[in-house]
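# A structural walkthrough
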Amino acid sequence: MPLSGFKFGKKKLKEEERYLQANNRDFNLEFEYANNSIKTSKYNFFTFLPLNLFEQFQRIANAYFLFLLILQLIPQVSSLSWFTTVVPLVLVLAVSGVKDAIDDFNRHKSDNHVNNRPVQVLINGRLKDDKWMNIQVGDIIKLENNNFVTADLLLLSSSEPHSLTYIETAELDGETNLKVKQALTVTAELGENLQKLTDFNGEVKCEAPNNKLDKFTGTLTLRGEKFALDNEKMLLRGCTIRNTEWCFGLVIYAGPDTKLMQNCGKTTFKRTSIDRLMNVLVLVIFAFLALMCFILAIGNGIWEHDKGYYFQVYLPWAVGVNSAAYSGFLMFWSYVIILNTVVPISLYVSVEIIRLGNSFYIDWDRKMYYPLNDTPAQARTTTLNEELGQIKYIFSDKTGTLTQNIMAFNKCSINGKSYGDVYDMAGQRTEITEHTEKVDFSYNRLADPKFVFYDHSLVEAVKLDDAATHGFFRLLSLCHTVMPEEKKEGNLVYQAQSPDEGALVTAARNFGFVFRARTPETITVVEMGETKVYELLAILDFNNVRKRMSVIVRSPEGDLTLYCKGADTIVYELLDSSCGSLKEETMEHLNEFAGEGLRTLVVAYKNLQEDYFQEWHKRHHEASTALDGREEKLSELYEEIEKDLMLLGATAIEDKLQDGVPQTIETLTKAHIKIWVLTGDKQETAVNIGYSCNMLHDDMEDVFIIEGNTSEEVLDELRTARKKMNPDSFLDSDDIIKFENPSTKSRILPEEQANGVYGLVINGHSLAYALEGNLELELVRTACLCKVVICCRVTPLQKAQVVELVKKYKKAVTLAIGDGANDVSMIKTAHIGVGISGQEGMQAVLSSDFSFAQFRYLQRLLLVHGRWSYIRMCKFLRYFFYKNFAFTLVHFWYGFFSGFSAQTVYDQWFITLYNLVYTSLPVLGMSLFDQDVDDRWSMQFPHLYEPGQQNLYFNKIEFVKCVLHGIYSSLILFFIPYGAMYDTVRSDGKAIADYQSFALMAQTCLLIVVSVQIGLDTAYWTAVNQFFIWGSLSVYFAIIFTMYSDGMYLIFTASFPFIGTARNTLSQPNVWLVIFLSIILCVLPVVGGRFLKSQLMPTISDKVLRKIRAAKKQPPPPLPKTRLRRTSTRRSGYAFSHQHGFGALIMSGRNMRPKLPFTTTGMFSPNSEKNKHK
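Since this is a predicted model, take the numbers as computed values, not measurements. (Residues numbered from 1 in each chain as written. Predicted model: local features only at pLDDT ≥ 70, side-chain atom pairs only at ≥ 80, totals over all residues. Heavy atoms only, no water.)

Before going further, it helps to spend a moment on the pairing of strand S17 (residues 391-396). Burial of S17 is extensive: five of the six residues sit out of reach of the surface. Two strands pair when backbone bridges link them, and S17 and strand S35 (residues 813-818) are joined in this way by five bridges, in the parallel orientation. Among the inter-strand pairings, Ile-394 is bridged to a residue of S35, identified as Leu-815. Note that S17 and strand S31 (residues 674-678) share four bridges and pair parallel. Directly across from Phe-395, in S31, lies its bridge partner Trp-676. (Buried < 20%, exposed > 50% of the residue type's maximum accessible area, 1.4 Å probe, protein only. Helix = DSSP H or I, 4+ residues; strand = E, 2+ residues; numbered from the N terminus. Pairing = 2+ DSSP bridges.)

Turning next to empty space enclosed by the protein. In the structure shown here, the tally under the stated rule is six cavities of 30 Å³ or more. Approximately 50 Å³ is the volume found for the second largest cavity. Forming the walls of the second largest cavity are Trp-676, Ile-762, Leu-767, Leu-779, Ala-783, Val-789, Cys-791, Val-802 and Leu-805. Its residues placed into classes, the lining of the second largest cavity shows nine nonpolar, no polar and no charged. (1 Å grid on protein atoms, 1.4 Å probe; cavity = no way out; pocket = protein on both sides within 12 Å on 5 of 7 lines; lining within 4 Å. Points joined across faces, edges and corners; volume = space filled by probe spheres on them. Nonpolar A, V, L, I, M, F, W, Y, C, P; charged D, E, K, R; others polar.)

Attention shifts here to the pattern of salt bridges. Evaluation of the coordinates by the stated rule reveals 39 salt bridges. The shortest N-O distance in the salt bridge between Glu-642 and Arg-548 comes to 2.8 Å. Here Arg-548 lies in strand S27 (residues 548-554) and Glu-642 lies in the loop between helix H18 (630-641) and strand S30 (646-657), a separation of 94 residues in the sequence. For the pair Glu-642 and Arg-548, a shared accessibility class is recorded, and that class is buried. Among the salt bridges present, the one from Lys-799 reaches Asp-823, with a minimum N-O distance of 2.6 Å. Remark: Asp-823 occurs in the loop between S35 and helix H25 (824-829) and Lys-799 occurs in helix H24 (residues 796-809); sequence separation between them is 24 residues. By relative accessible area, Lys-799 is classed as buried at 1%. Its relative accessible area of 0% is what places Asp-823 among the buried residues. Among the charged side chains, a salt-bridge network with shared partners connects Asp-365, Lys-367, Arg-860 and Asp-935. (Salt bridge = Lys/Arg side-chain N within 4 Å of Asp/Glu carboxyl O.)

Moving on, we get to the environment of Ala-1144. Counting through the fold element by element, Ala-1144 comes out in helix H39 (residues 1142-1148). Taking relative accessible area as the criterion, Ala-1144 reaches 51% and is therefore assigned exposed. As a C-alpha pair, Ala-1144 and Thr-481 span 663 residues in sequence and 9.8 Å in three-dimensional space.

With respect to topology, four strands assemble into an open sheet ordered S3-S10-S11-S12, the strand pairing being antiparallel. Every other strand in the sheet has two partners, leaving strand S3 (17-21) and strand S12 (225-229) as the edge strands with one partner each. Shown here is a sheet whose adjacent strand axes are inclined to one another by a mean of 20°, direction ignored. Bridge analysis of S3 against strand S10 (residues 203-207) gives five bridges, and the strand direction is antiparallel. Across the sheet, residue Tyr-19 finds its bridge partner in S10, namely Lys-205. (Axes fitted to C-alpha atoms, helices over the stretch in contact; angles between N-to-C directions.)

A contiguous nonpolar surface patch, about 800 Å² in accessible area, is contributed by Leu-291, Phe-294, Ile-295, Ile-298, Ile-302, Phe-896, Phe-897, Leu-971 and Phe-975. Within the residue set of the nonpolar patch, elements represented by two or more residues are helix H9 (273-306) and helix H32 (956-981). Considering each element in turn, the nonpolar patch owes the most residues, five residues, to H9. Among the secondary structure elements, Leu-291 is positioned in helix H9. (Patch = residues over 30% accessible without salt bridge, like charges linked within 9 Å, V, L, I, M, F, W, Y side chains within 5 Å. Areas by Shrake-Rupley, 256 points an atom, 1.4 Å probe, with all protein chains shown as cover.)

If you walk across this open sheet you meet the six strands as S5-S4-S6-S15-S7-S13, and the pairing is antiparallel. Of all strands in the sheet, those bounded by a partner on one side alone are strand S5 (126-131) and strand S13 (234-235). Sheet analysis places strand S4 (residues 118-123) next to S5, joined by six bridges and oriented antiparallel. From the neighbouring strand, Val-119 faces S5, where its bridge partner is Asp-130.

The next thing to look at is the nonpolar core. Ranked by internal contacts, the top residues of the largest apolar core, which has 98 residues, are Leu-347, Phe-876, Leu-877, Phe-881, Tyr-906 and Leu-1006. The element contributing the most residues to this core is helix H27 (residues 857-895), with 17 residues. Non-local contacts of Leu-1006, meaning those with residues more than four positions away in its chain, are made with Ala-886, Phe-887, Tyr-906, Phe-910, Tyr-914 and Leu-973. Of all hydrophobic cores here, the second largest spans 57 residues; its members include Val-119, Ile-141, Phe-216 and Cys-247. (Core = buried A, V, L, I, M, F, W, Y, C linked by side-chain atoms within 4.5 Å. Contact = heavy atoms within 4.5 Å.)

With that settled, the discussion passes to the packing of aromatic side chains. The final tally for this structure, using the stated rule, is 60 aromatic pairs. Seen from their ring centres, Phe-453 and Phe-511 are 5.4 Å apart, and the 90° between their planes marks the pair as edge-to-face. Of the two residues, Phe-453 sits in the loop between strand S21 (429-430) and helix H12 (456-463) while Phe-511 sits in the loop between helix H14 (499-510) and strand S24 (513-518), which places them 58 residues apart along the sequence. Of the two residues examined, Phe-453 and Phe-511, each falls in the buried class. Every member of this aromatic cluster is reached through a ring pair, and the members are Phe-887, Tyr-906, Phe-910, Tyr-914, Tyr-918, Tyr-1036, Phe-1037 and Trp-1072. The lysine or arginine in question, Arg-509, covers the ring of Tyr-494, its NZ or CZ lying 5.4 Å from the ring centre. (Phe/Tyr/Trp six-rings, centres within 6.5 Å; stacked < 30°, edge-to-face > 60°. Lys NZ or Arg CZ within 6 Å of the ring centre and 35° of its normal.)

Right, let's talk about the pairing of strand S22 (residues 483-488) for a bit. The pairing of S22 with strand S23 (residues 491-495) spans four bridges and is classified as antiparallel. The partner of Lys-488 across the bridge, within S23, is Asn-491. Taking the residues that link successive antiparallel strands as the turn, the S22-S23 hairpin has two residues, and the phi of Gly-490 there is positive, at about 85°.

Glancing now at the confidence of the model for the protein chain. When pLDDT is averaged along the protein chain, the result is 83, and 87% of the positions lie at 70 or above. A low-confidence stretch, residues 1-12 (pLDDT under 50), is modelled with 22 contacts involving residues beyond four sequence positions or located in other chains. The low-confidence segment residues 1155-1174, where pLDDT is below 50, has 38 contacts with residues more than four positions distant or belonging to other chains. (pLDDT = per-residue confidence, 0-100.)

Moving on: helix H28 (residues 908-918). When we look at burial in H28, the residues that qualify are Phe-910, Ile-911, Leu-913, Tyr-914, Asn-915 and Tyr-918. Structurally, H28 contributes buried residues whose contacts are with helix H11 (346-364), H27, helix H29 (920-929), helix H33 (995-1017) and helix H34 (1023-1043).

The next thing to look at is helix H21 (residues 711-725). Its 15 residues place the ends of H21 21 Å apart at the C-alpha level, agreeing with the 21 Å of an ideal helix rising 1.5 Å per residue. Listing the buried residues of H21 in full gives Ser-711, Val-714, Leu-718, Ala-721, Arg-722 and Met-725. Projected down its long axis, H21 carries its buried residues within an arc of 105°, all on one side. Turned more than 90 degrees off the buried face of H21, the exposed positions are Glu-712 and Lys-723. At its buried positions, H21 is contacted by strand S32 (702-706), strand S33 (758-762), helix H22 (764-770) and helix H23 (776-785). (Expected span 1.5 Å × (residues − 1). Arc of directions from axis to C-beta.)

For Asn-415, which is not glycine, the phi dihedral falls at a positive 55°. Mapping Asn-415 onto the fold places it in the loop between strand S18 (403-414) and strand S19 (417-419). Backbone geometry places Lys-547, a non-glycine residue, at a positive phi of 55°. Within the fold, Lys-547 resides in the loop between strand S26 (530-540) and S27.

What follows concerns the packing of H23 against H24. In the contact formed by H23 and H24, the axes pass within 10 Å of each other and the chain directions differ by 85°. Classified by the interaxial angle, the pair formed by H23 and H24 is roughly perpendicular. Listed contacts from H24 to Glu-776, Leu-777, Leu-779 and Val-780 of H23 are Leu-805, Val-806, Lys-808 and Tyr-809. Looking at the contact of H23 with H24, its residues break down into six nonpolar, no polar and two charged. (Parallel < 35°, antiparallel > 145°, perpendicular 65-115°, else oblique.)

In structure tokens, the structure reads:
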């Protein structure tokens, strides 16, 4: 057995070519190909503990506390017990570990759900029910209609003629239109004969697993003959079988080797920018801590050398200490333990609690609940909340994310008259609502019950036998490539390659022109109750250049007619000169339709002479069989016959957006968030949606189209666009030129400003060139100058590459949102991944960090929950660092007055309870409930979101301010009580200047000052905040009076030495005066500074908050109930997305079943006496 397909290495085999035999598991297992089991989880039972601990100790603080624990185990150094560090460290690791375990358990559940799906596999001549995960390369499996494709298969045979199979690829590229795959003739003969399929022993040689969705090369060797294999014969995992009763396939790639999984990317450990900043700050604090300890250690060495050495009778040195230098060395580590509260471990416990609490707010938000399918919003991870308040770029899928995947026939123009609007009795146009009366199509027993139309005048025109109206709908029922399916008589189902075509044919069906059946030579239409069979003579197929399609038919009366529909810009050039006035009227209607974001097509016809057609048809046959220049010859013939057309009218189809999409995009744009649409759909469709969503509009200076076919063309187009947007970027003084030097370490590009509002549209093939190393910088510079970027025909991997590109070159937080498996890699790559639980399965949701049912909820997630979470986290960190620096640095100043002896300034119980009890709840209350403005104002003033994008509320400068504030407060808190207590006596003449009284006064001042400070920081007061602040102070006084009581001293003499200190000290008026003075001196600069800053240098938030305060004084005006429209003169092009060549497939008859359509019985007529008055 040859092993030429593998390259041997020391550790693993690298596959270069795949070689397999059908129905031969033993042979295929020798290659150790992956089975069909998939794994998206990060851990298993054995790897969870080591991997999770490794991830958690990547946090420098956790590693630091482990180091502290080791220090505390050394008796000569430790002044605190070891369990004071072990308990909180284990608690933090346990809480984070349990959260990670729950997240991964959910991933395991998802994997098991997919891996245990049932499938029929051919084993020993019989079909056996098995699970997806047990399928092996080389197995033959059977799939039925509406089944998901199990693995990447070579199509062998199917129930359809010529072994065609129809698939839907929404999971792969977002398109819902049907695609056709066809088996080789040699395997199509196998049919569903299990014996023949079991005896099939073909050998396949093909490329190694890769992520290219649109390419496959290989060969099948059968009975000594070789047959070429390409992508048209492959069914890829992620597709769905449609309109095909059954098919058999040979497994080529399984599980992680499938093209879908190759495009999925790896599950990565995501950390927020605040997490990364905290790692840096913790290092800075460690350096600061080391500096303080070094200063105190030097001081101790000097003091012991100058004084302590001669004072050993009263203060003997510790056992083993024989020099001042060694004493200073030990004191360094003692102070490391005492001063470690600058980075208390409770910081990380509190951060996790805050994130968890803010995650629950998202889960509980009723305004993000979608009742139609009972889907609440869900925070699937609890570690990224504050990042939601810093988003700068949104990368969105189109199909199913912005749109509903539903096309609706909305309006039309026939013979110069517009239909589709509703008017009241006064002739005024009215808004269509759910209460508007719908057209009753009950007279038509073949009508589609789901079709909705509101303009009754169009039905009247049909009933009155208006020739133009009949011609219009006759064209829609004949000029298409739709396939009908009628399993029960009268129950018609249309299988359309393009959803637009399906909508047009359905409209014709409801208005009395029912497309009933087709053969390669005929089209059967029920016209106003009468069955007519048209002879189909030619289909002039669609392509991206023609942007139109035509059919030539012969009516039962013998009339020859060409029917054409296509983009208005194209068809208008082909119209007869006699259509002048009608062209103008129709153009007005087209402009109006386009202004509402509808997708338009123009329809026209031409009566043909028999002699001319026969001569043209002969030339057409010769051109279609030509070996050289076939496409060009056919194109010339099409141009020749498609001229002097007579205009019938225009159609307007609504590609139904999800509710609130345009308003959401408009709001997010006001928040200075840039939106990029990354879609697998065709350019025309994506651009249409861009206009419908108000992302693209006519007020833009320009919309650049990048569609070069070589690196040079793409580079030239990108530079031309950039030159127009920012001519200064081509000057020698341009700062970014240095980035083109690969040796430059910094990769972050500075922000550039365009000289107007621009859009950019780039095709998938051009994007492939632009993502190459030497062009990616040009792409990101040009694209980031644009307000909107639309990438079309992109693969799932390209989506991830675009997101990675922005992450690489821009200092910005990215968010990716999608609903299908083709969005998973993008969702995993972005800083934040959002999944929409839509019609394309749950893969996107399962890989996401947050999920909900509708795109419109994104604005609430970012502008409300994200912004609040960011502000709360920043306030928490600022306050936490401040209170701990103020608390710890008092020890530092005290060292200068205590012989640098590592004596603590506070009672040890106060040190233990300060972060755990006294100050934990007030800061948690603020961090869980605080909001500068409520949700309504957050949505109404999107500019409030900008400080988060610029990271203004917590950064290195803000941290330095916190440190300086803490240093100032610690100076006040030490020296004011020290100065007041120095040589002081009580009112009864007894001394009060003892260590214990000073410690009590200092800690009481500290606690009240930090409580007042959190009151100043709180913007939104609730009963919980009040309870936590006053409760913490009450608990403090209750505890000190209890612990400093005679009883506690008598019971635990060694543990509670501060006997009577509380009642003796706090009963003195001068002590309270000192406390009051300390509070004033600590708080006054803060209040004054904030007031002056808001008046002299107001921030964006200050300005908006003033507007809100002014607006609150008067009730807001009611919102106008007008439909959001855009004014535009632009119309969509040809709005189909079906494959080129599908018309030829229909004409060949290879996709037709040899069966007769249902005979029409019980004919209806809208003009019958029975239906005339309906």
